[in-house]
Amino acid sequence: MPELPEVEIARRNLVRWLDAHRVVKAEADDTRIFRGAERAAFARLKGRVESLERRGKYLLFTFEAGRGLLAHLGMTGKFVRRTQEQVQPHSRARFHLEDGAVLHFADPRLFGRMEPVPAAQLRALAAVQSLGRDPLVDGLTGPQLAEAVGPSKQALKVALMDQGRLAGLGNIHAAEALFRAGLHPARVPGSLTPEEWKRLARAIHATIAFGLKEQEGEEPVYLEDRGAVNLFRVYGRAGEPCSKCKAPVESFTQAGRTTHVCPQCQPLGAQRPGPKRTPGR
DNA sequence: TGACCCCTGGCC
DNA sequence: GGCCAGGGGTCA
């Protein structure tokens with residue numbers, strides 16, 4: 001699914017496409033990607049895109065004339081560039097460019113979201129305001145991670161995916177970062193040492209960098225959609241031997257999501273993952 | 001704070 | 001043919 005690296009790749013592609021050619025026409029189908037937002041306002045987006053920012057998994061478009069768009073790819077959304085003749089399955093919204101190309105927002109499951117708003121209001125939207133630190137945009141050190149995630153009473157992985165604490169990590173990259181850091185997803189955030197926070201911050205950066213490197217290119221193919229090729233270290237590998245120690249990778253459910261973990265490389269240790277335990281530090 | 005919901009392609 | 005996947009919003 002689109003998490004921080006996938007959305008960042010989408011942003012880079014869009015910048016490249018939209019820098020070169022203005023939008024001459026925007027149109028969108030009547031689908032639930034607009035939720036409560038005004039679909040007619042989407043059709044008024046045109047001209048040059050002055051800036052395109054990413055915060056967590058959100059894209060913030062600023063068009064000329066003060067028009068703006070907040071976009072979220074949901075779980076299956078992607079932006080692709082096609083010719084006018086090419087048919088794009090599940091196309092929900094389109095930008096027609098002056099060179100004749102068409103940028104489609106394609107989203108089979110309709111979990112994505114488009115919200116046209118005046119550009120001046122983009123940053124004030126609740127969805128954007130409530131986002132925590134973005135590792136790529138804001139940087140992320142061990143102490144900063146500890147400050148953002150440490151106070152959470154939720155399991156470590158659940159807290160990492162809390163967009164209000166840290167913006168951009170989803171189920172896959174959170175699991176991968178924890179594996180790289182050798183930390184169990186069920187650890188209590190308050191129990192991590194400064195050294196562990198540092199390791200985790202580094203692991204998050206490494207996971208994001210890997211995702212960016214693997215997915216750079218014109219056509220988005222999400223890592224988990226690459227057929228038999230699983231490039232992840234633990235995600236989707238339940239029952240397989242761990243790439244480091246050969247112990248079988250395990251999976252369990254946390255907050256309704258599947259978590260993958262190597263019990264050897266990511267020991268839970270002596271800590272009781274039980275509730276209410278005042279964080280030691 | 002957690003359970004549920006949306007939605008459909010892909011896989012068993 | 002049925003179940004699973006899950007980001008994020010909503011609700012109890």
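What counts as what
- Residues numbered from 1 in each chain as written.
- Chains lettered and ligands numbered in written order.
- Predicted model: local features only at pLDDT ≥ 70, side-chain atom pairs only at ≥ 80, totals over all residues.
- Heavy atoms only, no water.
- Near = heavy atom within 4 Å.
- Polar contact = N/O pair within 3.5 Å; in protein donor to acceptor, adjacent residues only side chain to side chain.
- Nonpolar A, V, L, I, M, F, W, Y, C, P; charged D, E, K, R; others polar.
- Phe/Tyr/Trp six-rings, centres within 6.5 Å; stacked < 30°, edge-to-face > 60°.
- Lys NZ or Arg CZ within 6 Å of the ring centre and 35° of its normal.
- Core = buried A, V, L, I, M, F, W, Y, C linked by side-chain atoms within 4.5 Å.
- Buried < 20%, exposed > 50% of the residue type's maximum accessible area, 1.4 Å probe, protein only.
- Helix = DSSP H or I, 4+ residues; strand = E, 2+ residues; numbered from the N terminus.
- Contact = heavy atoms within 4.5 Å.
- 1 Å grid on protein atoms, 1.4 Å probe; cavity = no way out; pocket = protein on both sides within 12 Å on 5 of 7 lines; lining within 4 Å.
- Points joined across faces, edges and corners; volume = space filled by probe spheres on them.
- UniProt positions renumbered as here; feature names shortened; annotations may be inferred.
- Axes fitted to C-alpha atoms, helices over the stretch in contact; angles between N-to-C directions.
- Parallel < 35°, antiparallel > 145°, perpendicular 65-115°, else oblique.
- Left-handed = near helix turned anticlockwise from the far one by under 90°.

Draft legend 1. Quick look at the protein's contact with DNA strand C. In the vicinity of DNA strand C, 13 residues are found, and the nearest of them are Tyr58, His72, Met75, Asn171 and Arg257. Near the protein, meaning within 4 Å, the atoms of DNA strand C are sugar or phosphate in a fraction of 55%, with bases accounting for the rest. Taking Lys57, its side chain carries an N or O atom lying 3.1 Å from a phosphate oxygen of DNA strand C. A breakdown of the residues in the surface near DNA strand C according to their chemical character gives five nonpolar, four polar and four charged.

Draft legend 2. The arrangement of the packing of aromatic side chains in detail. Overall, the coordinates contain eight aromatic pairs when judged by the stated rule. Judged by centre distance (5.6 Å) and plane angle (85°), the ring pair of Phe232 and Tyr235 falls under edge-to-face. A network of ring pairs unites the aromatic residues Phe34, Phe42, Phe61, Phe63, Phe79, Phe95 and Phe105 as a single cluster. The residue whose ring lies beneath Lys244 is Phe179, and the NZ or CZ to ring-centre distance is 4.6 Å.

Draft legend 3. Spotlight on the nonpolar core. Formed by 29 residues in total, the largest nonpolar core has its most connected members in Leu14, Phe42, Phe61, Phe79, Phe95 and Met114. Elements supplying a minimum of two residues to this core: α1 (4-20), β1 (23-28), β2 (49-55), β3 (58-63), β4 (67-72), β6 (91-97) and β7 (102-106). Take this core: its biggest share by element is five residues, from α1. Contact partners of Phe42, with chain neighbours within four places excluded, come to Ala26, Glu27, Ala28, Phe34, Leu69, Ala93, Arg94, Phe95, Met114 and Pro116. Of all hydrophobic cores here, the second largest spans 23 residues; its members include Val149, Ala159, Leu178 and Leu183.

Draft legend 4. Molecular detail of the environment of Gly170. Examined against the element boundaries, Gly170 turns out to sit in the loop between α6 (156-160) and α7 (171-181). By relative accessible area, Gly170 is classed as buried at 5%. Expressed as a C-alpha distance, the spacing of Gly170 and Lys57, which sit 113 residues apart in the sequence, is 9.1 Å. When sequence neighbours within four positions are dropped, the list of residues in contact with Gly170 reads Glu3, Lys57 and Met161.

Draft legend 5. Local environment of unusual backbone geometry. For His90, which is not glycine, the phi torsion reads 60° and is therefore positive. Backbone geometry places Ala255, a non-glycine residue, at a positive phi of 50°. Counting through the fold element by element, Ala255 comes out in the loop between β9 (250-254) and β10 (257-261).

Draft legend 6. A look at empty space enclosed by the protein. Inspection of the entire model under this criterion finds one cavity of 30 Å³ or more. Put simply, the largest cavity is a space of about 40 Å³. Around the largest cavity, the lining residues are His173, Glu176, Arg180, Thr207, Phe210, Leu231 and Phe232. Listed by contribution, the elements that provide at least two residues to the lining of the largest cavity are α7 and α8 (194-215). Among the elements that make up the lining of the largest cavity, the one with the highest residue count is α7 (three residues). Within the lining of the largest cavity, the residues separate by chemical class into three nonpolar, two polar and two charged.

Draft legend 7. Region of interest: the UniProt feature "domain: FPG-type" (unreviewed entry) in chain A. When the UniProt feature table is mapped onto this chain, "domain: FPG-type" (unreviewed entry) is found at residues 233-267. Segment residues 233-267 splits into 0% helix and 29% strand. End C-alpha atoms: 16 Å apart.

Draft legend 8. Structural detail: the protein's contact with DNA strand B. Within the structure, DNA strand B sits among Arg32, His90, Pro108, Arg109, Phe111 and Gln154. Each atom of DNA strand B within 4 Å of the protein was classed as base or backbone; sugar and phosphate made up 55%. Interatomic distance of 3.5 Å between a side-chain N/O atom of Arg109 and a base oxygen of DNA strand B.

Draft legend 9. Seen up close, the UniProt feature "domain: Formamidopyrimidine-DNA glycosylase catalytic" (unreviewed entry) in chain A. Per the UniProt record, the feature "domain: Formamidopyrimidine-DNA glycosylase catalytic" (unreviewed entry) sits at residues 2-112. Segment residues 2-112 splits into 19% helix and 38% strand. End C-alpha atoms: 10 Å apart.

Draft legend 10. Structural view of the packing of α7 against α8. Packing of α7 against α8 brings their axes to within 8 Å, and their N-to-C directions diverge by 125°. By the angle between their directions, the pair α7 and α8 is classed as oblique. In this structure, the crossing between α7 and α8 has a hand that is right-handed. On the side of α7, the interface is formed by His173, Glu176, Ala177, Leu178, Arg180 and Ala181, while α8 contributes Arg199, Leu200, Ala203, Ile204, Ala206, Thr207 and Phe210. Among the residues forming the contact of α7 with α8, the class breakdown is eight nonpolar, two polar and three charged.

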